[in-house]
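# Topology and contacts: notes
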Amino acid sequence: MGHDHTYDVPAMGELLKDAPSNWGRWGPDDEVGALNFLTSSEVLRGVKHIQQGKVITLQRLIGDPRGDPVWPGRTPAVRTMVMDESSWDGDAKGAPQFPGGMHYSDDKIEAFLQGSTQYDALGHVWYDGQIWNGYDARTTVGGMHKASVEPLAQRGIVGRGVLLDMARFRGKSSLDKKETFTHKDLEACARAQGHTIDKHDIVIIRTNFLSQFFEDQEQFYQDFCEPGLCYSRELVEWFYEKEIPNLVTDTIANETTYDPKTGVALPLHCALMRNLGVTLTEICDLESLAHSCATDGQYTFLYVAAPLKIHQASGSPVNPVVIK
Ligand code: UVW
């Protein structure tokens, strides 16, 4: 994937020079970053928002018959049937015969770990030869020897979640390509919804942009630029000061793809994930949650997510759960 620029694009290191950093804050061996903010009292704060016993899951279907939206250059998961009733058709198939006559189904999946609803490991994105916490980018070679998804999965993610329904706030069924918003818009959205965004909240943003993938895939990937948060020093400082542990969105890459001011691709991945240790969660399906929140007016809840423990992986599929 490329992008035509008619102006000079600054290097990431130049754009983010002197930007806030959490490197070293949790020691030289840390691999979970801002998830350190999710202490047991944050779990209990989240639990206080369980008022109805309503459970909503946020994973998008893998292997959707209509297609799976993925980052350009990635391909959707392919699931292949290995064993099914046809394995026992005829005599010559060599399928295992079990005493009693049991048959079974088996299947396998070949998938990008970032190709569906997913947690990014903190080492997933970097610049200038260093990943989260200052580890050498060469630690990614052949496997994520540092800041892989493993420690995130080991820890689990539990806290108070807040849904910011930006599409609804802007009176649209979905946000448009390249449409941007800032932390101030998130706060205005929260105010309109009747709550605040508090320190250590898990911030969940709905754009419903991926509905456009299901309307017209060719158009969706043409001049690809997702809507989303856009870079400013103030926005990064807001995340830093609010100590946000986890940013969750229903877009493929959590932020507008190209910063409209400079043309830099995914600067917030670098400013938030690499520098602040904010965990990113992408490609969620927030439609049931948004419908529920609009109906009952409750936009704050317990959020629980358990990415898979995959050795040295840069990410993991996940099915986050909201409990209201
Ligand atoms: C990239 O890695 C480019 O994006 P994502 O965070 O969506 O996986």
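If you're wondering where the values come from, they're calculated on a predicted model, not measured in any experiment. The residue count restarts for each chain, going from 1 along the sequence in the order it is written. Since the coordinates come from a predicted model, pLDDT governs what is reported: local features require at least 70, and pairs of side-chain atoms require 80 or more to be given and counted, while whole-chain, interface and lining totals use all residues. Based on all heavy atoms of the structure, the side-chain values leave hydrogens and waters out of the count.

### Some thoughts on the confidence of the model for the chain
On average, residues of the chain score 96 in pLDDT, and 97% of them are at 70 or above. Residue-level confidence of the predictor, termed pLDDT, takes values from 0 up to 100. Counting from the N terminus, the helices are DSSP H or I runs at least four residues long and the strands are E runs at least two residues long. Confidence, expressed as mean pLDDT per element, reaches its minimum in the chain at strand β2 (residues 78–83) with 96 and its maximum at strand β7 (residues 202–206) with 99.

### What to know about the pairing of strand β5 (residues 157–165)
Taking burial as the measure, the nine residues of β5 include eight buried ones, the bulk of the element. Direction of pairing for β5 relative to strand β11 (residues 300–305): antiparallel, over a ladder of six bridges. Its bridge partner lying in β11, Arg 160 is registered against Leu 302. Strand pairing is assigned whenever DSSP detects at least two bridges linking the two strands. Sheet analysis places β5 next to β7, joined by five bridges and oriented parallel. Bridge assignment links Val 162 to a residue of β7, and that residue is Val 203. Whether a residue is buried, partly exposed or exposed follows from its accessible area with a 1.4 Å probe, protein chains only, as a fraction of its type maximum: under 20%, in between, or over 50%, in that order.

### Some points on the site of the ligand
With respect to spatial proximity, the complete set of residues near the ligand consists of Trp 71, Arg 74, Gln 114, Gln 118, Asp 120, His 124, Ile 252, Ala 253, Leu 266, His 269 and Glu 282. Whenever a nitrogen or oxygen atom comes within 3.5 Å of another N or O atom, the pair is scored as a polar contact, on the condition that within protein one atom can donate a hydrogen and the other can accept it, and that pairs from neighbouring residues in sequence are kept only if both atoms are in side chains. At 2.6 Å, a side-chain N or O of His 269 approaches an oxygen atom of the ligand. Contacts to the ligand include Glu 282, whose side-chain N or O atom sits 2.8 Å from an oxygen atom. For the ligand, whose free accessible area comes to 260 Å², the fraction covered by protein is 90%. For the shell around the ligand, a count of residues per class yields four nonpolar, four polar and three charged. We define proximity as follows: a residue is near a molecule or strand when any one of its heavy atoms falls within 4 Å of that partner. Only the protein chains shown count as covering a residue, and every accessible area follows the Shrake-Rupley method with a 1.4 Å probe. Three classes are used: nonpolar for Ala, Val, Leu, Ile, Met, Phe, Trp, Tyr, Cys and Pro, charged for Asp, Glu, Lys and Arg, and polar for all others, with Gly counted as polar.

### Describing the packing of helix α5 (residues 183–193) against helix α8 (residues 233–242)
Orientation of α5 relative to α8, taken along the N-to-C sense of each, is 55 degrees, at an axis distance of 9 Å. What the angle tells us is that α5 and α8 run oblique. Between α5 and α8, the residues in contact are His 183, Leu 186 and Glu 187 and Glu 234, Leu 235, Trp 238 and Lys 242, respectively. Taken together, the residues of the contact of α5 with α8 sort by class into three nonpolar, one polar and three charged. Where helices are involved, their axes are fitted lines through C-alpha atoms of the stretch in contact, as for all axes, and angles between N-to-C directions lie from 0 to 180°. Note that the term roughly parallel is reserved for angles under 35 degrees, roughly antiparallel for angles over 145, roughly perpendicular for angles of 65 to 115, and oblique for everything else. Only heavy atoms matter for contacts: two residues are in contact if any of them lie within 4.5 Å across the pair.

### Some words on the packing of α8 against helix α9 (residues 267–276)
Between two packed helices, both the angle of their axes relative to each other and the distance between the axes serve to describe the pair. Running from N to C, α8 and α9 point in directions that differ by 30 degrees, and their axes come no closer than 11 Å. In terms of orientation, α8 and α9 fall into the roughly parallel class. Relative to α9, α8 is oriented so that their crossing is right-handed. Between α8 and α9, the residues in contact are Leu 235, Val 236, Phe 239 and Tyr 240 and Leu 268, Ala 271, Leu 272 and Leu 276, respectively. Left-handed describes a crossing whose near helix is turned anticlockwise from the far helix through less than a right angle; right-handed describes the clockwise counterpart.

### A word on the packing of aromatic side chains
Classification of ring pairs rests on two measures: the distance between centres of Phe, Tyr or Trp rings, Trp counted by its six-membered ring, which must be within 6.5 Å, and the angle between planes, read as stacked under 30 degrees, edge-to-face over 60 and tilted in between. Scanning the entire structure with this criterion turns up 13 aromatic pairs. Measuring from centroid to centroid gives 5.1 Å for Trp 26 and Phe 37, while their planes differ by 80 degrees, and the two rings are edge-to-face. Here Phe 37 lies in the loop between α1 (12–15) and α2 (40–47) and Trp 26 lies in the loop between α1 and α2, a separation of eleven residues in the sequence. Residue Phe 37 is classed as buried on the basis of its relative accessible area, which comes to 9%. For the pair Phe 213 and Phe 214, a centre-to-centre distance of 5.0 Å together with 90 degrees between the ring planes defines the contact as edge-to-face. With a relative accessible area of 22%, Phe 214 lands in the partly exposed category. Through a chain of ring-to-ring contacts, the aromatic side chains of Trp 71, Phe 209, Phe 213, Phe 214, Phe 220, Tyr 221 and Phe 224 assemble into a single cluster. Placement of a positive charge over a ring is assigned whenever Lys NZ or Arg CZ falls within 6 Å of the ring centre and within 35 degrees of the normal to the ring plane. The ring of Phe 214 carries the charged tip of Arg 66 above its face, separated from the ring centre by 4.0 Å. Over the ring of Tyr 127 we find Arg 274, and its NZ or CZ is 3.6 Å from the ring centre.

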